Structures are given as C-alpha cells and as structure tokens.
Amino acid sequence: MSELEDEYRLDYFEENGFVRKSCTDCGANFWTRDHDRETCGEPPCEDYAFIDDPGFDEPYSLEEMREAFLSFFEDNDHERIEPYPVAANRWRDDVLLTQASIYDFQPLVTSGQTPPPANPLTISQPCIRMQDIDNVGKTGRHTMAFEMMAHHAFNAREDLEDPDQYAYQGEVYWKDECVEYCDEFFASMGANLDEIVYIEDPWVGGGNAGPAIEVIYKGAELATLVFMSMEQDPDGEYEMKDGNTYSPMDTYIVDTGYGLERWTWMSQGTPTVYEAVYPDMIAFLKENAGIELSEDEAELVHRAAKLAGHMDIDEAEDMETARDNIARKLDVSVSELEALMEPLEDIYAIADHCRTLAYMFGDGIVPSNVSTGYLARMVLRRTKRLVDGVGVDAPLDELVDMQAKRLEYENRDTIRDIVRTEVEKYRETLERGGRKVEQLAEEYARKSEPIPTSELIELYDSHGIQPDMVEEIAAESGADVNVPDDFYSLVAQRHDSEEAFEEAGSDGDDRIDDLPKTERLYYDDQQRTEFEAVVLDVFERESGFDVVLDQTMFYPEGGGQPADTGTLSDDDGSYTVEVEDVQIRDGVILHRTDERPEKGDIVRGQLDTRRRRQLMRNHTATHVVIHAARQVLGDHIRQAGAQKGVESSRIDVHHYERIDREDVKRIEHVANEIVMENTPVTQEWPDRHDAEAEHGFDLYQGGIPPGENIRLIHVADDVQACGGTHVARTGDIGTIKIRNAERVQDGVGRLTFAAGEAAISYTQEAEDALYAAADVLDVNPGEVPETAERFFEEWKARGKEIEDLKEELAEVRASGAGDAEEVDVGGTPAVVQRLDADTDELRATANALVEEGKIAVFGSGAGGSAQFVVAVPEDAGVNAGEVVGELASKVGGGGGGPPDFAQGGGPDVDALDDALDDAADVLRAVKNA
RNA sequence: GGGCCCAUAGCUCAGUGGUAGAGUGCCUCCUUUGCAAGGAGGAUGCCCUGGGUUCGAAUCCCAGUGGGUCCA
C-alpha cells in the first residue's frame, strides 16, 4: 500500500502549506494545514465538535445545501445532471440499489464505451445503503437513505495510440484540481480551512481501485474524493487492501461523494443529523409518541449526542459496551441512559426508514419476495415494528407520504396504496405467525421443555417470525425460548446445502473474430421478407452449419424475440438450405442451416413470412399490452421479463396486488383501442442521453443497450428502447387477446396473450370448450354457469341423500338379519355375511349390528377386490384388527384398525367365500388367544 | 432465480394409512328477560385439482393450481 504514498503528494498540498501526519490514535496518514494536529479527527479518535457550534457561517436546510453545492460546481464549469432512480437494477444487473453517484455511470461510462451525459458534471444522487440499517438512529450520523452530492470528471490518457477507442478523450481535471474544488467549496461555506483533514484511504471496489481521500471536518466525514485509476490485474504492480493486485488503466475518473445530510447537519449543529434533515417529521413523531423530556433529561440527551459517534456497530465491539462507555462518561446509569435514548433512536430510525420507503416506492419499486421488492418489504416491516414499538399511532402510509411529499413524488396515491396493502399483508403474517407460536408455546409449556432451535428456525424461515417475537408470545404461555447467538447463521446454513455452480461454457468461437459485423437489413425495412447476400463463411457444427452472410434480413434471437426461420437459395436455384435458427455473436449473425451453402456464393434469403409476421405482431403487441397495463394498473408497472412467441407471448410486470379478471378485461380493452386507432409504429436512433432526458429510464423495460445511440420504438404514446422487429401500424396486430393472468411471484404478475390469428384461434378454442359444456348440459352457452352450479348443488344433495339411505338400509338389514348366518362366539352372537356393496355400506351395517350387541363380519366382492369389515361390541373380547388381518391374508392382502372396528381386503375375490366360511373359526381362535 | 412451509366446516385450526374432528360462528328450543350471558339439541365438508403407490389415501409419492416465507 505504501507504493501509493506518492499518489498523495499533491502540488496543491505543497503550495498551500499542508503537512503529512500520522494519527497518534489509529495510525492513519493525513494531510492538514494545522501543523500541531495529532489525530485524524474522525470518530472514534475524536468526538463531534460541531454540535451546538456549527462549522459553517449559516444554517442551511437540506434543499438549500443541495442548491448551494450544485450551483457552486455549475459556476465552476460543471453541468448539472438530474438524479437517477434509486433502483439501480433498472440500468445494471450487478446491483439492486443505487449506493453512490458513480453507480449512475457504471459500467458503460466508466469503461469508456459510452460517453457521460456531460463532462465534468455535478449531481445530487439519492442513494440507499441497506448495510447501514443497524446504525441508523443510534450514531446520530447514519442514514439508510441519503443524497450523495458529487462532481465527476471522466478522463482518458492522452498518450494512447488510438484515443478514439474510448467515448471521451483527454484530461478534464485530476487530483489537484479536485482537492482544490473541495477546499474552495468548504471556503464558500465559511469553514475554517485549518480544521479540515484529508486522510489517505485507498479505495477498492467493483474491480477498480485507486487512491482516495476522506475529508474530515470537526469530527465528521463530510466527503470522499476517489481517484479511480486502476483495474484488477493479476500481474498488477499495486496490491490493494482486498488482497488483489491492480494496474493503471487507460481511463481515470474523478469520483467524489459529499453527504448532503452531513453538510446540512454541520451547518446547523443540531444534536443529530436527523433533526437537521427532517425536523418537522421528528417533531411530529415525538409528539405523536408522547415523548416529553424534562430539562435535565433534554440536557443529558444533548450531551450524549456528542458521544453518539461511538455507537457504531461496525467499529464498536458491541452496542452494550459502547452504551456503557458513554453512560460512564456522562456519569449516569446505563439503564437510565437507555430508557432515555432508545425511544428517540427509534424515532430517528422511523423518519429515515420512511424516507427510504418513499424513495423506493416513488421510483417504482413494488414489494415482493424477490430483488429490490424484497428489500423494500424488509424495510417496511422493520419500520412498522419500530412504529408500533415506540407507540406512534399514525398510519404508516401517512408517515411515508410525509417524506414522499417532501421529495415531490407525483405518484403519492400509489405509494400510499402500496404501503397500506403491504402493512395489511404484514398484519396477516403476524396474526398467522402469532397463532402458530401460541400453539407451539403451549405444547412445549405442557412438556416443560424450551422451544427447540429447530422450531425457531422453521418459524423464521418459513413463516417470517423473528425469534424475539417468539420469545414475547411464548412468555405468555410460560414457555422458555433460548435463541442461540448464531441464529441467523443457522438459518443461512439451511440455505446453502448445495451450491449450484454452473460454468457458463462460453462459446469461445474465435473463428468469427476476423469476420465483419453483419449488416442488419431487418432494421431498414421491417416489412421485407426476402433479400440477397454473399456467403462470407460457413462453419460446421455438431449437426448442421453456421452460415455467415455480409447482410441479412434474418432476425437473430434476442430481446425475448425468437429467431426467424426460412431458406437460403443459390441464385440459379441449384440448392436451397433451411435456416433453422439464427444467433448473434459480437455483431456477427450466424444462420444455422441443415445443408452447406458454398462460401462466396450469392444467395437469396427468404423468411418464413407467416412466422415473422406473427412474431412482429406479438412484439408490437407486447409494447401495447404493457402500455395498457400501465394505464390500468398504474405508473409503477414495469416489465420484469418477457418472451415473445408465434402462438402466444407473455410479459411479467411488477404489481403489488393480484391482477384480477376485471383488470385483465380493462387492459384488454385499452390494448385493443390502441390497435383500432391504427397509429403508426416508428423507430428512431437518438443519442442515448437525449433519449433518457426526454423519456426517462422507463425506456429500458427490457435491459440497457450499450452505445452512443439507441433504437427507440414508438407505439402510440409508448416509447421503449428495443431491438426487435415491429409491424408498421398498430392495426396490423389485428387483435390482442389476453389468455391468462397469473401470479408468478409475490409482486410479479404474468400476462399471457395472443395476437392476430393466434388470438382468433384462442378465442375459438375457448368458445369450443364453452359450447361443448353447454351441449353436455343441454342448455344455451349463456346458461352454463347457472346450470353448472345447479347441477353441482343437486349432485351434492344427492350424495347426502345416498348416505342417509345407506344408513337406513344398514339398519333395516341389521334388524332383519334373519337371512344371515349367525354363530356364537364365546357367548356373543356373531353375524357373518357376504354383502357385495361398498365399504361405507358394510361399515354402516356392521355398526348397526354392534348397536344390537352383535359381532359383525362382512365381506364384499364389489369393486374388483375383496373387502372385509369387522366390528365388535366393546365387551366381546375379540380384537377386530386381528380378525381382519387373518381373513385378509386369505385373499392375498392385509388390513387392520382399532380393536373394535377394522377393515381390510385383498385382490383375490375368488377366495372371498372360503374366507368367510372360516370366519367363525377365526373369531373363536382370536377370542381364545 | 433458489430453498422451505401451507391448502380439511363460513372463520381459526387438529387429524401422519383404517368410521372426518374441535373451537368459534350459524339455526332451533329452553332459562333469563334490559343487555350480556348460560343450558340443550341441530345443520353444515368434491379433506385444492389431476395422476401414482395400497386391500384401503385427508394422510405417502409425483405434477399442477393457489397462498405464505427466507435468502441472493
């Protein structure tokens, strides 16, 4: 790491009288103007020094501070950029949430494939860091949701052979200017520059690394300046703290982060960051929860706030010790401090979590059991627990709305709806779970055993009940619970029983490397179905061939659209090969054929027109359906996946409720209105940043394409980035029929639909089924539901009547048993009889005989097998189970049951009569045994 | 995307291969009558669907449908 030392020897430091020092507490190296300074200034080496003593000239609100920062950098030639959504998985698939401003530009801009929207630029990017969740409220400085203010500059080395290989060239600015900007911004706030500390702290992340500087002022880390300039390289000369080696790369990027909340806090000097950031909400929550402090208490809280920096679970050994230390310094008991601080900490956390939720739902995240939706659910449930625990009685949707309003979201009604739905779901889960725990608790309380860990794991993993909740409920039933310290790792163990590792067998086909990218004719005229081309090369595959042409109309599989099929023919008609599949590799399109065309030939390509037309209809219909679904269900509707087909297609969309029949019908109506309007479907290739500015990130329903320009498809009011083939006008779709709406995951619904001919076929099939049913019932189709219901009711009534009649029949049979053979078994009369009826009937008759004090042995040959029922009155001293066992063995089967009633049988019906003949002997034998 | 759990009376659930149950709600009657309540009796089930194993499946196995939950 010492090799990076030189990286920090900036001219700027030298010219401005900085000295380099090592912290006497933690050993960190830092730069400062104050030659007498000994420690780095960051907690735990120092306490907060700005509480009650703001570090800037004036107090700023969050909004004022944001504006001050952005306009400062605008005045210094940075272009202001609008923030991106907090759901980073909308433009990259390696992360879920936006955790830093640089996330907005990864991976395509940082790697130099795509130009930045401006260079240099400034932005205030809302971020969510779930990993800080346990610190929120406690340290006074951590928030899960925050805005990272930043200035970025994207540089490329000037000594490159081919500078144009990157989307930006030359150096905008680097370390010295970056630190200077930082200093100047501090100065513009009225900070005392002598108190600023620049700590050397190399940065590593996501395969990149570089020198970085933490900027500390009055005990708070206010900014981090990262100089991303290296990439991971096994032969690299720099070994970083993650143990990997790195080497310099061609692009180098200024990546800064200034915590908006901390800066605001610094300007106000309030006890915690929360009181500086959302004072109204804190006041509201305090009042609602009825928290009132005496003067002495308020004074204590105030003093504790200055030490709260030590309550960091990442740094402190454990929370209890940390609290203990603080209590000692303040000279109060831990319990007193805790009783005072905990409700406040909860309230701070609630305000922060509500802001997090407002960001999440505002940016269209839908609660779910997967992905960002799951994170949102966790945060919501945690917030609900805090709210209930501290005694806030305002509904959660109102609390979240307070933040959504402040953040100026337009979909506030939807947000409230989502929160209400989700709270209700949680309530149901808790209720269900509570009942389960009560049962378990009673069971184990009876046995005087503690509830075992396996049950706790099951409760948490399968039913979502936290162990502390189990403890609470179990205590009421007097059951003990011991939650092991490693509870959550035990849960984790249950999950990684088998790590499914699949090695993506990369198609390392270097033969195509030398071939030019295939010209894609299907974008020029999407309606054409034939073309001419030159065969550039042919590769043999395991079965069949890969044919590369100079240009093609064949659409390769991609974007959820299956490949075209068709034929390639030699121009004098001497051969025709079938194209069975089409794939694209690095821009080279491979036509998979059954026969080998000749390299260098000019061939005529002919698509399977019907298939292509259906695919185009389906693809355009997909855009139409998602647009319709958005109008019907709300603006949060976003594609979670899609697959187009010839007969039917499907799209998965995020929605917080089940998509019901009424929704489907409305979506179908809206979709077909768009079809009937017969508006043109157009494509364009605008600059990506212009497109994003105009249409937002909703463009990227099906993933983000690379490149400077992207292809947009306009269908009615709908705009999507899309690489597929489309019909010319919506009317060409013909018609859209939604076949099914199912819930594929919680929070994700799937719409399956058919377009054009396939829609007609599907409708006809559905009608056929209805007509067939009507035919069977001999009624008009419209009367089917009513009739079916009537028949079903009648059928049930008859079943009941038959039961009753069997009972009656059984009693009649039993009372008039004169025709049956009656034998004496040790003083008890026994009736042995063959009765070819079902088991229910045998049972009823046998029971009736037992009522009369008789043993009953019945055999039946009905239903293709031999069946016995043996019933015995209580005092007869014969074990029915043994009798049945004996008899059943004679017909090649088995049987059993309780001593007073047993049944059994076997496959050998022919032996039934013989077995019954022996029944009397069997009874006597069992009696005497 | 993966793991686990669940589906039985209107509701909440028990039943782990042998006659489908409890609590609650419902109906009738009685007691008391201001309410609340108490007593007696009664009705209520394609045991989610389809296949398999078995003499026999609510129960075991497979698949589907619907719901829940944990993890990345």
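The structure under discussion appears in the preceding block.
Okay, so let's go over this structure. Bear in mind the structure is a predicted one, so any value in this text is a computation, not a measurement.

## Details of the protein's contact with RNA strand B
Phase 1: Taken together, 44 residues surround RNA strand B, and among them Asn369, Tyr374, Thr429, Asp461 and Arg494 come closest.
Phase 2: Within 4 Å of the protein, the contacting atoms of RNA strand B are 61% sugar and phosphate, with bases supplying the remainder.
Phase 3: Between RNA strand B and glutamine 903, the relevant distance is 3.3 Å, taken from a base nitrogen to a main-chain nitrogen or oxygen of the residue.
Phase 4: Tallied by class, residues from the surface near RNA strand B come to nine nonpolar, 20 polar and 15 charged.

## Observations regarding the sheet that holds strand S21 (residues 639-643)
Phase 1: What the four strands build is an open sheet, ordered S21-S22-S27-S26; its pairing is antiparallel. Both edges of this open sheet fall to S21 and strand S26 (736-745), since each of them pairs with a single strand only. Mean inter-strand twist for the sheet, computed between neighbouring axes without regard to direction, equals 20°.
Phase 2: Sheet topology places S21 next to strand S22 (residues 649-654); four bridges connect them, and they run antiparallel. Each residue of the ladder has a partner; that of glutamine 639, found in S22, is valine 653.
Phase 3: Each of S21, S22, S26 and strand S27 (748-755) touches helix H16 (residues 609-633); the most contacted strand, S27, lies at about 135° to it.

## Quick look at the pairing of strand S25 (residues 718-721)
Phase 1: Residues Asp718 and Gln720 line one face of S25 and the alternating positions Val719 and Ala721 line the opposite face, and both faces are buried.
Phase 2: Note that strand S24 (residues 712-715) and S25 share four bridges and pair antiparallel. Residue pairing in the sheet places leucine 712 in a bridge with alanine 721 of S25.

## Topic: the sheet that holds strand S32 (residues 894-896)
The strands making up a sheet associate through backbone hydrogen bonding, with each pair oriented either parallel or antiparallel.
Phase 1: Here we have six strands laid out as an open sheet, ordered S28-S29-S30-S31-S33-S32, and mixed in their pairing. Where the open sheet ends on each side, the last strands, each with one partner, are strand S28 (821-825) and S32. Recorded for the sheet is a direction-independent mean angle of 15° between the axes of neighbouring strands.
Phase 2: Across five bridges, strand S30 (residues 855-860) lies against strand S31 (residues 866-871) in antiparallel orientation. Paired with phenylalanine 858 across the bridge in S31 is valine 869.
Phase 3: Relative to the sheet, helix H23 (residues 912-928) contacts S28, strand S29 (828-834), S30 and S31, its axis offset from that of S30 by approximately 155°.

## Details of H23
Phase 1: Under the 1.5 Å per step criterion, the end-to-end length of H23 is 24 Å for 17 residues, consistent within 8% with the ideal 24 Å.
Phase 2: Its axis deflected by about 45° at alanine 919, H23 carries its strongest bend there.
Phase 3: Within the sequence span of H23, burial applies to Leu912, Ala915, Leu916, Ala919, Ala920, Val922, Leu923 and Val926.
Phase 4: Buried residues belonging to H23 abut S28, S29, S30, S31 and helix H22 (880-890).

## Quick word on helix H13 (residues 453-463)
Phase 1: Taken residue by residue, H13 has Leu456, Ile457 and Leu459 as its buried positions. All buried residues of H13 project into a common sector of 160° when viewed along the axis, lining one side.
Phase 2: Buried-residue contacts for H13 involve helix H12 (412-446), helix H14 (467-477) and helix H15 (487-495).
Phase 3: At the C-terminal side of H13, glycine 464 shows a positive phi close to 70°.

Conventions adopted
- Within any chain, residue numbers begin from 1 and follow the written order of that chain's sequence.
- Numbering of ligands from 1 and lettering of chains from A proceed in the order in which they are written.
- Restriction of local features to residues with pLDDT of at least 70 applies here, the model being predicted, together with a cutoff of 80 or more for giving and counting side-chain atom pairs; totals for whole chains, interfaces and linings are based on all residues.
- Based on all heavy atoms of the structure, the side-chain values leave hydrogens and waters out of the count.
- Consider each residue's heavy atoms; a residue with any of them within 4 Å of a molecule or strand counts as near.
- In protein, a polar contact requires one atom able to donate a hydrogen and another able to accept it; more generally it is a pair of N or O atoms within 3.5 Å, and residues adjacent in sequence count only if both atoms are side-chain atoms.
- Ten residues, namely Ala, Val, Leu, Ile, Met, Phe, Trp, Tyr, Cys and Pro, are considered nonpolar, four, namely Asp, Glu, Lys and Arg, are considered charged, and the remaining ones, Gly among them, are considered polar.
- Note: two strands are recorded as paired if DSSP finds a minimum of 2 bridges between them.
- Numbering of helices and strands starts at the N terminus; helices are DSSP runs of H or I of at least 4 residues and strands are runs of E of at least 2.
- Axis definition: a line fitted to C-alpha atoms, over the contacting stretch in the case of helices. Angles run 0 to 180 degrees between N-to-C directions.
- Residues are treated as being in contact if the distance between any of their heavy atoms lies within 4.5 Å.
- Think of it in three bands: with a 1.4 Å probe and only protein chains considered, a residue is buried below 20% of the maximum accessible area for its type, exposed above 50%, and partly exposed in between.
- By this rule, a helix spans an expected 1.5 Å times one less than how many residues it contains.
- What is called the bend at a residue is the angle between a pair of axes, fitted to the seven residues leading up to and ending at it and to the seven starting from it.
- Arc definition: directions from the helix axis to the C-beta atoms.

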